[in-house]
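This is what each chain is made of:
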Amino acid sequence: MHHGTGGGHPPPAVIDPYGHVTFPDLPAGAPLGLGLVPFESVTLELAEGSVLALYTDGLIEARDQDISAGMNRLRAALARPDLTLDDLCSSTVDTLRAEPPSDDVTLLLARTRSLSADQVAFWQFPSVRFPRCAGVAD
């Protein structure tokens, strides 16, 4: 299971154990870290052995191509269930990175595994309300 939010980045790619790549629909939102901006999270059920790919738009954007072309190139590059995560990451970045890069390029891959109940922890944090104006400087 993956809990997440778009956080101002393109949607994650999910690679199932057979190499089928999908891009789940996530709610749009402001980039994470801006503060004071609410965001909506989603929960995705992922099969054991799936790979979750989180990446920056610099990996898929090119000046002369539509963003969907970059996502299709990413889909093709990630459809390699036979590779280790290290090799999949390296081959994907090498395949998609523009020369010279016009933006930051980041790719994070994580493979899902089942955990027993004694290997899982859960924390619930209280909601915190922030004041509309934290202070005024003179």
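Structure first, text after, so check above.
Note that this is a predicted model, so its numbers are computed, not measured.

(A) Up close: the overall build of the protein chain. Assigned secondary structure in the protein chain consists of two helices and six strands. Taking all 138 residues of the protein chain together, 28% fall into the buried category. As presented, the protein chain carries roughly 9900 Å² of accessible surface, and 54% of it is formed by carbon and sulfur atoms.

(B) Summary view of the side chain of S50. Summarising the element assignment, S50 is placed in the loop between β4 (42-44) and β5 (51-55). Take S50: its relative accessible area is 2%, and that puts it in the buried class. A polar side-chain atom of S50 sits 2.8 Å from the main-chain carbonyl oxygen of A47. Setting aside residues no more than four positions away along its own chain, S50 makes contact with I15, D16, P17, A110, R111 and T112.

(C) Helix α2 (residues 85-96), seen in detail. Counted at 1.5 Å a residue, the expected span for α2 with its twelve residues is 16 Å, and the 16 Å between its end C-alpha atoms agrees. Where the residues of α2 are buried, they touch α1 (67-78) and β6 (107-111).

(D) Quick peek at the pattern of salt bridges. Tallied over the full model, the rule gives one salt bridge. Notably, a salt bridge pairs R80 with D82, separated by 3.7 Å at the nearest N-O pair. You can call R80 partly exposed: its relative accessible area is 35%. For D82, a relative accessible area of 59% corresponds to the exposed category.

(E) Geometry of the nonpolar core. Within the largest apolar cluster, 18 residues are counted, with the highest numbers of intra-cluster contacts made by Y55, L59, L74 and L78. At the level of elements, β2 (13-15), β5, α1, α2 and β6 are the ones that each hand at least two residues to this core. Those residues in contact with L74 that lie beyond four places of it in its chain are F23, Y55, L59, I60, T92 and L96.

Thresholds applied
Residues numbered from 1 in each chain as written. Predicted model: local features only at pLDDT ≥ 70, side-chain atom pairs only at ≥ 80, totals over all residues. Heavy atoms only, no water. Helix = DSSP H or I, 4+ residues; strand = E, 2+ residues; numbered from the N terminus. Buried < 20%, exposed > 50% of the residue type's maximum accessible area, 1.4 Å probe, protein only. Areas by Shrake-Rupley, 256 points an atom, 1.4 Å probe, with all protein chains shown as cover. Polar contact = N/O pair within 3.5 Å; in protein donor to acceptor, adjacent residues only side chain to side chain. Contact = heavy atoms within 4.5 Å. Expected span 1.5 Å × (residues − 1). Salt bridge = Lys/Arg side-chain N within 4 Å of Asp/Glu carboxyl O. Core = buried A, V, L, I, M, F, W, Y, C linked by side-chain atoms within 4.5 Å.

By themselves, these are just geometric observations and shouldn't be taken as functional.
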